[in-house]
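Observations on chain architecture
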Amino acid sequence: MTGSGQLLEGKKGLVMGVANDRSLAWGIARAAHAQGAEIAFTHQAHEGIARRAIPLAESIGSPLIMPADVTDPASLDALFEKIDTLWGKLDFVVHSLAFSDRNELSGRYVDTSRDNFLMTLDISCYSLTDLTRRAEPLMAEGGSILTLTYDGSQRVIKSYNVMGVAKAALEASVRYLANDLGPGGIRVNALSAGPMRTLAGAGVGDARYVYQWMEKNSAMRRNPTLDEVGNTGLYLISPLSNGVTGEVHYVDCGYNIVGMGMID
Ligand code: NAD
């Protein structure tokens with residue numbers, strides 16, 4: 001613990017990917033705010049998301065809430081300009097976003113179209129590299145960048161398809177980015193969450209089946225809660241993990257260590 005008793009006292013962070021109060025980004029933001037962090041938020045421009053995301057950000061006194069889309073460089077230029085003007089620095093970034101055509105998140109991976117492959121990798125993977133490059137100049141005193149991933153990167157999980165390929169590339173990006181930025185004291189890590197009932201989670205075919213399978217077969221015989229994801233996210237963006245970078249840290253109640261189904 002720090003002298004003041006709050007892990008993120010005086011720290012400034014950017015959180016991207018809150019869609020509603022079930023979003024993994026919200027779990028992490030809530031935990032970070034409870035430890036003293038001041039947080040800027042972005043949300044996707046469309047009404048349905050803004051209507052839920054903005055009040056959440058306001059509820060924890062966010063000084064900057066604006067739309068941004070990772071496929072629109074102008075929106076990211078505007079975002080980083082605003083952060084520079086507001087704080088002139090950043091201590092942490094939470095990248096908690098992904099997207100793919102849900103028609104291709106079922107059936108066979110082999111049927112993935114070129115267009116959706118490129119879009120999925122662009123939004124779900126390249127965006128981390130883009131954001132990290134933009135954040136680096138604001139992290140002259142060091143910082144922590146965190147992304148969210150899923151075990152479908154390592155193993156075949158029903159229907160995860162091209163998103164598994166994107167997450168594998170995302171996890172490799174974490175290692176390369178960690179090595180590039182490590183000398184400057186900037187850490188880059190991924191949190192690999194077990195299945196959670198979110199908007200994005202529901203877009204994957206057979207989501208309910210996968211959720212129940214993992215609940216029955218994880219070491220702890222349950223799936224993680226949003227608070228558990230939030231608190232591990234807090235650890236990874238806080239000084240508690242200052243010696244940790246390039247890691248993929250599982251918060252999956254031990255599903256990934258199990259080699260055999262447990263169902264009686
Ligand atoms: P969510 O739907 O709450 O969040 C996904 C976010 O991505 C939304 O806020 C959406 O607006 C944003 N997004 C999509 N396309 C975007 C774009 N072009 N530009 C900017 N933002 C965009 O769902 P979630 O489950 O909280 O997802 C957050 C992250 O967690 C994702 O990377 C997801 O793959 C990962 N994850 C989810 C689970 C799960 O089971 N839900 C498990 C492991 C990892």
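Presented here is a report on the structure given in the accompanying data block. (Residues numbered from 1 in each chain as written. Predicted model: local features only at pLDDT ≥ 70, side-chain atom pairs only at ≥ 80, totals over all residues. Heavy atoms only, no water.)

Describing the packing of helix 1 (residues 24–34) against helix 8 (residues 226–237)
Helix 8 packs onto helix 1 with a crossing angle of 60 degrees between their chain directions and a minimal axis gap of 7 Å. Taken together, the axes of helix 1 and helix 8 are oblique relative to one another. For the element pair helix 1 and helix 8, the recorded crossing hand is right-handed. Here Leu24, Gly27, Ile28, Arg30, Ala31 and Ala32 of helix 1 lie close against helix 8, whose contacting residues are Leu226, Asp227, Val229, Gly230, Asn231, Gly233, Leu234 and Ile237. Of the residues contributing to the contact of helix 1 with helix 8, the split by class is 8 nonpolar, 4 polar and 2 charged. (Axes fitted to C-alpha atoms, helices over the stretch in contact; angles between N-to-C directions. Helix = DSSP H or I, 4+ residues; strand = E, 2+ residues; numbered from the N terminus. Parallel < 35°, antiparallel > 145°, perpendicular 65-115°, else oblique. Left-handed = near helix turned anticlockwise from the far one by under 90°. Contact = heavy atoms within 4.5 Å. Nonpolar A, V, L, I, M, F, W, Y, C, P; charged D, E, K, R; others polar.)

Details of the environment of isoleucine 60
Turning to its location among the elements, isoleucine 60 is positioned in the loop between helix 2 (47–59) and strand 3 (64–67). Spatially, the C-alpha atom of isoleucine 60 lies 7.0 Å from that of histidine 33, the residues being 27 residues apart in sequence. Here isoleucine 60 is in contact with Trp26, Ala29, His33, Ile39 and Phe41, once residues within four sequence places are set aside.

Quick word on empty space enclosed by the protein
The final tally for this structure, using the stated rule, is 1 cavity of 30 Å³ or more. Of the voids in this model, the largest cavity is the one considered here, and its volume is about 30 Å³. Lining the largest cavity we find Tyr150, Asp151, Ala193, Gly194, Pro195, Met214, Asp252 and Tyr255. For the lining of the largest cavity, the class distribution of residues is 5 nonpolar, 1 polar and 2 charged. (1 Å grid on protein atoms, 1.4 Å probe; cavity = no way out; pocket = protein on both sides within 12 Å on 5 of 7 lines; lining within 4 Å. Points joined across faces, edges and corners; volume = space filled by probe spheres on them.)

Some remarks on the site of the ligand
The local shell around the ligand holds 27 residues, among which Ser23, Leu24, Gln44, Met196 and Thr198 are the closest. Residue serine 23 places a side-chain N or O atom 2.6 Å away from an oxygen atom belonging to the ligand. For the ligand, whose accessible area on its own is 820 Å², the fraction buried by protein is 93%. Put simply, the ligand lies in the largest pocket. (Near = heavy atom within 4 Å. Polar contact = N/O pair within 3.5 Å; in protein donor to acceptor, adjacent residues only side chain to side chain. Areas by Shrake-Rupley, 256 points an atom, 1.4 Å probe, with all protein chains shown as cover. Sits in = over half its atoms within 2 Å of the grid points.)

Brief notes about the layout of surface pockets
To locate leftover empty space, one rolls a probe as large as a water molecule over the atoms. Reported here for the largest pocket is a volume of approximately 1,400 Å³. What lines the largest pocket is a set of 50 residues, and nearest its centre among them are Ala98, Thr198, Leu199, Ala200 and Gly201. In this structure, the second largest pocket spans a volume of roughly 220 Å³. Residue lining of the second largest pocket: 15 residues in total, with Lys11, Asp91, Gly142, Gly143 and Asn242 positioned closest to the centre. Among the residues making up the lining of the second largest pocket, the classes are represented as 4 nonpolar, 6 polar and 5 charged.

Comments concerning the environment of valine 210
Looking at where valine 210 falls in the secondary structure, it is placed in helix 7 (residues 207–217). Here the alpha-carbon distance between valine 210 and arginine 114, two residues 96 residues apart in the chain, equals 26 Å. Every residue in contact with valine 210, bar those within four places of it in the chain, is listed here: Tyr150, Ile157 and Lys158.

A short note on the pairing of strand 3
By the alternation rule, side chains of strand 3 split into Leu64 and Met66, which are all buried, and Ile65 and Pro67, of which none is buried. The pairing of strand 2 (residues 38–43) with strand 3 spans 4 bridges and is classified as parallel. Among the inter-strand pairings, histidine 43 is bridged to a residue of strand 3, identified as proline 67. On the question of chirality, the crossover connecting strand 2 to the parallel strand 3 by way of helix 2 is right-handed. (Buried < 20%, exposed > 50% of the residue type's maximum accessible area, 1.4 Å probe, protein only. Pairing = 2+ DSSP bridges. Right-handed = clockwise from strand over helix to strand, strands pointing away.)

Concerning the pattern of salt bridges
Summed over all chains, the structure comprises 11 salt bridges. Here arginine 51 and glutamate 47 are joined by a salt bridge, their closest N and O atoms 3.3 Å apart. You can see arginine 51 and its partner glutamate 47 sitting in helix 2, 4 residues apart, about one turn around the helix. One salt bridge connects aspartate 111 with arginine 108, and the closest N-O pair in it is separated by 3.8 Å. Beyond isolated ion pairs, a larger network of salt bridges with shared partners links Asp77, Asp130, Arg133 and Arg134. (Salt bridge = Lys/Arg side-chain N within 4 Å of Asp/Glu carboxyl O.)

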